[in-house]
Amino acid sequence: MEHGIDRRTFLKAAGAGAAGIVAAGSMPALAETGKGPVAVSTPLSTFSYGDVQLHDGPMKRQFEENHARFLHLDEDRMLKVFRQVAGLPAPGEDMGGWYDLTGFSLERTDFHGFIAGHSFGQYLSGLARAYAVTGSEETRTKIGRLVEGYGKTLDPKAKFFVDYRLPAYTYDKLSCGLIDAYEYAHIPLALEVHERLTRAIVAYLPEKALSRAEQRSRAHKDTAYTWDETYTLPENLFLAYQRSGKSLYLDMAKKFLEDDTYFNPLAEGNNVLPFEHAYSHVNAFSSAMQAYITLGSEKHLRAATNGFDMLQKSQSFATGGWGPNESFGEPGVGQLGDSLALTHASFETPCGAYGHFKITRYLLRVTKDARYGDSMERVLFNTILGAWPIQADGTSFYYSDYANTGKKSWYRDKWPCCSGTFPQLAADYHLSVYLRSQDGIYVNLFAPSSVHWTDGGAKFELTQSTRYPLDNKIDIRISTSQPHEQTIYVRIPAWATPGAASIAGPITSARKIRSASSTVASWRSCFDPKWA
Ligand SMILES: [Zn+2]
């Protein structure tokens, strides 16, 4: 069966469903082997990376550029800093930029040697996700060599982290890379290395998540950087628990939820975003979402939902970007407008977009509310799709510059944080275009792509062809191996007015379209559509 659907179609709004709590009121049973159970089964789920193919367009180009960049990045260079500290032979050139072991000092104006090896785990994660998309054996064998090479540098006390500036920051990324190498590239050693690292890193972490104010109060006055991001750890720890079944990770995840200064006030509707570091505090919303999914904690769902609303209403530019100078400002006093004259660091684009995609995807899965898809779309087209590709020497795109005198430019230092999140985000495009539910398939982003799935013994393939947003036509075709009812929900952006909507193609003017094999319905924000 085939349907052509115009983007401006406006049909019956699909209501939002409440998340189902599977184990309400009780903690999931702990398992020491296999998978750790979760408390909440979300109404929407993502497809696997390999179920979705991007077709020619800017999203596919960004994915392929990132995959190729890190597939061809020299392994000796990536491992060098870890080998140097371990006293092992460390051939290869220095990576340069933020990644190097030495060179940082407060007297310098750049951040050379800022956080040695900080992004290794993200490069590993990006490659693992790219393998899950492509099935490239060359990619998988590289991941295997990187995990083995990193594992050889890791001693039981993780001495790499002695006097290390930001241990939680780098552990969080290593954790993500290793559990992704296990989950997506099927490298069993990665989980073993992850456990060794986690048991050792505890000695370098505080007893709980610390806000930056708490860190400042504890810091020696000669310590320049007191903002380690312990509050972002739980997301990957909960995932490590889910993927390994080990309660070690569950216990640690709970310990590092930043409840007292962040999630508790957010859950009560108190806007505590102002003056916090922007990206890491949006990233922390994903830890709250994992606390909800894994533990069934409604408080953490409220914290993330409220926090995201505050982000949208009082911290965001028209582009969807947020956090000038990587900071949240005071609402209602014109801080975003003022920033246009004061800074060129308007939005930390690859990191910010990565965090934004993650939290909107979690909120979509839990609430089914299409406004989170609207928000993701806004950030996609206005921010990250404009980012330049990472260069061979680590030159990266970092800030979008919205200043009155703004211009597009590269970041000063090689291999910054944004070189780590970009390959992860570009792989995650494959998780973000379509979602699925027991009641059908949800078309979330308009992008040239296809997705395949099976339902009731029938094999389906949905193919989207579009130049959106350069063109307003979106052609969706569905093929199936045998007749079988299937509902396809198409997100109608809140800004698309009902009067402008129409359906083109062989089937028209129905509120809900039925055929031998499919049903098409729209899916739209259940809240005030005027927010956009
Ligand atoms: Zn960044």
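Residues numbered from 1 in each chain as written. Predicted model: local features only at pLDDT ≥ 70, side-chain atom pairs only at ≥ 80, totals over all residues. Heavy atoms only, no water.

> Let's hear about the overall build of the protein chain: which residues, and what values?
When you go through the protein chain residue by residue, the secondary structure sums to 16 helices and 14 strands. Here the contacts in the protein chain between residues at least 6 apart in sequence split such that 71% fall between residues at least 24 apart. As displayed, the protein chain offers around 20,400 Å² of accessible surface, 52% of which is attributable to carbon and sulfur atoms. (Helix = DSSP H or I, 4+ residues; strand = E, 2+ residues; numbered from the N terminus. Contact = heavy atoms within 4.5 Å. Areas by Shrake-Rupley, 256 points an atom, 1.4 Å probe, with all protein chains shown as cover.)

> Describe empty space enclosed by the protein, listing the residues and the values that go with them.
Scanning the model with the defined rule gives 4 cavities of 30 Å³ or more in all. If you go around the largest cavity, the residues you meet are Phe-82, Tyr-150, Thr-153, Leu-154, Asp-155, Ala-158, Lys-159 and Phe-160. A class-by-class count of the residues in the lining of the largest cavity yields 5 nonpolar, 1 polar and 2 charged. (1 Å grid on protein atoms, 1.4 Å probe; cavity = no way out; pocket = protein on both sides within 12 Å on 5 of 7 lines; lining within 4 Å. Points joined across faces, edges and corners; volume = space filled by probe spheres on them. Nonpolar A, V, L, I, M, F, W, Y, C, P; charged D, E, K, R; others polar.)

> Run through the coordination of the zinc ion, naming residues and quoting values.
At the metal site, the zinc ion is ligated by Glu-348 (OE), Cys-351 (SG), Cys-417 (SG) and Cys-418 (SG), and these contacts range over 2.1 to 2.3 Å. The coordination sphere of the zinc ion comprises 4 donor atoms, whose angles at the metal cover 92 to 126 degrees; the geometry is tetrahedral. Along the chain, the residues donating to the zinc ion are arranged with the sequence spacing E-x2-C-x65-C-C. With Cys-351 in helix H14 (residues 349-367) and Cys-417 in the loop between strand S6 (399-400) and helix H16 (418-432), the pair connects residues that are 66 residues apart, well separated along the chain. Cys-417 shares its class with Cys-351; the two are buried. (Donors = N, O, S within 2.8 Å, 3.2 Å for Na, K, Ca; no water. Tetrahedral: all angles 85-135°; square planar, octahedral: opposite > 155°, others 65-115°. Buried < 20%, exposed > 50% of the residue type's maximum accessible area, 1.4 Å probe, protein only.)

> Kindly report on the side chain of Thr-421, identifying the contributing residues and their values.
Inspection of the secondary structure puts Thr-421 in helix H16. When its relative accessible area of 0% is taken as the criterion, Thr-421 is described as buried. For Thr-421, the side chain forms a polar contact with the main-chain nitrogen of Cys-351, separated by 3.3 Å. What Thr-421 contacts, discounting residues up to four positions off in sequence, is Gln-122, Tyr-279, Pro-350, Cys-351 and Tyr-354. (Polar contact = N/O pair within 3.5 Å; in protein donor to acceptor, adjacent residues only side chain to side chain.)

> Got a sec to walk through the pairing of strand S10 (residues 458-466)? Specific residues and values, please.
Across the two faces of S10 the burial differs, with Ala-458, Phe-460, Leu-462, Gln-464 and Thr-466 buried and Lys-459, Glu-461, Thr-463 and Ser-465 not buried at all. The loop that links strand S9 (residues 449-455) with its antiparallel partner S10 comprises 2 residues; one of these, Gly-456, has a positive phi angle of about 55 degrees. Bridge analysis of S10 against strand S11 (residues 474-480) gives 7 bridges, and the strand direction is antiparallel. Bridging across to S11, Ser-465 finds its partner in Asp-475. (Pairing = 2+ DSSP bridges.)

> Summarise the packing of aromatic side chains; cite the residues concerned and give the values.
Under the defined criterion, the tally for this structure stands at 35 aromatic pairs. Geometrically, the ring pair formed by Phe-161 and Tyr-204 is tilted, given 6.1 Å between the ring centres and 50 degrees between the ring planes. In this pair, Phe-161 is assigned in the loop between helix H4 (137-153) and helix H5 (167-185) and Tyr-204 in the loop between helix H6 (188-201) and helix H7 (212-218), connecting sequence segments 43 residues apart. On the basis of relative accessible area, Tyr-204 is assigned to the partly exposed category, the value being 22%. Grouped by ring-pair contacts, the aromatic residues Phe-82, Phe-120, Tyr-150, Phe-160, Phe-161, Tyr-164 and Tyr-204 constitute a single cluster. Here Lys-173 stacks its cationic end above the ring of Tyr-169, 4.1 Å away from the centre of that ring. The lysine or arginine in question, Lys-408, covers the ring of Phe-397, its NZ or CZ lying 5.8 Å from the ring centre. (Phe/Tyr/Trp six-rings, centres within 6.5 Å; stacked < 30°, edge-to-face > 60°. Lys NZ or Arg CZ within 6 Å of the ring centre and 35° of its normal.)

> Give a detailed account of the sheet that holds S11, specifying residues and quantitative values.
Spatial strand order, S4-S9-S10-S11: 4 strands in an open sheet with antiparallel pairing. Of all strands in the sheet, those bounded by a partner on one side alone are strand S4 (52-54) and S11. Taking the axes of each pair of neighbouring strands and ignoring which way they run, one obtains an average angle of 15 degrees across the sheet. Relative to S9, S4 is paired through 3 bridges, and the arrangement is antiparallel. Among the inter-strand pairings, Val-52 is bridged to a residue of S9, identified as Val-451. (Axes fitted to C-alpha atoms, helices over the stretch in contact; angles between N-to-C directions.)

> Which residues make up unusual backbone geometry, and what values go with them?
Look at the link from Tyr-468 to Pro-469: it is a cis peptide, with omega at 5 degrees. Locating Pro-469 in the fold gives a position in the loop between S10 and S11. Backbone geometry places Glu-326, a non-glycine residue, at a positive phi of 60 degrees. Note on placement: Glu-326 falls in the loop between helix H12 (298-314) and helix H13 (335-342).

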